[in-house]
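Coordinate analysis (summary)
The lines below spell out each chain.
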Amino acid sequence: MNAQAHTQRNARPASALLRAALLTGLLSACAQLPGNFSGVQPGLSTGAQLRAAQGQPGRVWPNADGTQTLEYPQQPFGTRCMMITVDANDKVLSVLDGLSPPQRARIEMGMKPEQVSRILGRERSRVYFSNSNEDVWDWNIEPDQTGYPMRFNVHFQNGTVLRTSQSMVFPTRPFRD
C-alpha cells in the first residue's frame, strides 16, 4: 500500500470523529442558548448558573418560605414564561412554564392582578374595554390543533379576575393558492 492510500484511509475516521465532536459541541451550545431551559435541573442547577446562561430574570418574586421565584418571560413574541424557584442557597428547586395549561387553570375569579402575574408572568398586552368596564390582559400560548396562534386572556373588573378566555389569532391576509 502506498503512503497516499494509507493517509486517505486513516483520514476518514478522523474526519468522522471531528464531525461528531463538532455536532456534540453545537448541541450542547444549543442547550445554553437564551430561552432554552432544558439544561436547568432541580437539585443540581444553581441560580448563578441560570443567570449566566439566561441573563437576569424579568422579575424576582420573594416567597413566604424564603425562596425566590425567578421569572423569565418570553412575551410579547414567545409562548412560555419560565418560573424557576431557588432556595436560600441559590439551588434550583423547581422549573415551571407559567403559561402551561395546568398553570393557566389556576387563575380563578376574584384573584388580584399581582396574583395572576405571579402565576403567568408578564403579559403580552393590556386593553381596557370601557363598555364592559373590563381590563383584559393577554398572553401568547401554544397553538391548538389548528396550528393558529392562540392567546390566553384574563378579564379584570374592579381590580379582580372576572373570567378567563382563549382567542385564536387569525392571519391578516386571506389564504392564497
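Presented here is an overview of the structure given in this document.

Each value, and the rule that gives it
- Residues numbered from 1 in each chain as written.
- Predicted model: local features only at pLDDT ≥ 70, side-chain atom pairs only at ≥ 80, totals over all residues.
- Heavy atoms only, no water.
- Helix = DSSP H or I, 4+ residues; strand = E, 2+ residues; numbered from the N terminus.
- Contact = heavy atoms within 4.5 Å.
- Polar contact = N/O pair within 3.5 Å; in protein donor to acceptor, adjacent residues only side chain to side chain.
- Pairing = 2+ DSSP bridges.
- Axes fitted to C-alpha atoms, helices over the stretch in contact; angles between N-to-C directions.
- Buried < 20%, exposed > 50% of the residue type's maximum accessible area, 1.4 Å probe, protein only.
- Arc of directions from axis to C-beta.
- Phe/Tyr/Trp six-rings, centres within 6.5 Å; stacked < 30°, edge-to-face > 60°.

Here we come to the environment of R124. Relative to the helices and strands, R124 resides in the loop between α4 (113-120) and β5 (125-129). Once the C-alpha coordinates of R124 and R151 are considered, the two residues, 27 residues apart in sequence, prove to be 9.2 Å apart. Filtering out sequence-adjacent residues up to four positions away, R124 remains in contact with Q75, P76, D138, W139, N140 and R151. A distance of 3.3 Å separates polar atoms of two side chains, one belonging to R124 and the other to S125.

Once that is clear, we can look at the sheet that holds strand β2 (residues 68-73). Sheet architecture is open: four strands sit in the order β1-β2-β3-β4, paired in antiparallel fashion. Whereas interior strands pair on both sides, the edge strands pair on one side only; in this sheet they are β1 (59-62) and β4 (92-97). On average, each strand axis in the sheet is tilted by 20° relative to the strand beside it, whichever way the strands run. Alignment of strand β3 (residues 81-86) against β4, held across five bridges, turns out to be antiparallel. Across the sheet, the residue bridging to I84 is V95, located in β4. Along the sheet, helix α2 (residues 47-54) makes contact with β2, β3 and β4, crossing β2 at roughly 15°.

With that out of the way, let us pick up the pairing of β5. One face of the sheet, then the other: side chains in a regular strand alternate in exactly this way. Judged from the five bridges that link them, β5 and strand β6 (residues 134-141) form a sheet pairing that is antiparallel. Across the sheet, residue S125 finds its bridge partner in β6, namely D138. Here β5 hands over to β6 after four residues, with N133 in that stretch at a positive phi of 55°.

So, on to α4. Here α4 has its buried residues at V116, S117, I119 and L120. When α4 is viewed along its axis, its buried side chains cluster within an angular range of 165° and face the same direction.

Glancing now at the packing of aromatic side chains. In total, this model carries five aromatic pairs according to the counting rule given. Consider the rings of F37 and Y72, whose centres lie 5.4 Å apart with planes at 55°: the pair is tilted. One end of the pair, F37, is in the loop between α1 (3-31) and α2; the other, Y72, is in strand β2, with 35 residues separating them in the sequence. Y72 shares its class with F37; the two are buried. Arranged with centres 4.7 Å apart and planes meeting at 55°, the rings of W137 and F156 form a pair that is tilted. Taken together, the positions of W137 in strand β6 and F156 in strand β7 (residues 150-157) put the pair 19 residues apart, joining distant regions of the chain. There is no split in this pair, since W137 and F156 are both buried. Grouping aromatic residues by their ring pairs yields a cluster made of W137, W139, F152 and F156.

We now examine unusual backbone geometry. That bond from Q75 to P76 is cis: its omega, 15°, falls within 30 degrees of zero. Along the chain, P76 falls in the loop between β2 and β3. One non-glycine residue, D90, adopts positive backbone phi at about 70°. Since its relative accessible area comes to 22%, D90 is described here as partly exposed. Even without glycine at this site, N133 takes up a positive phi of about 55°. Residue position: N133 is located in the loop between β5 and β6.

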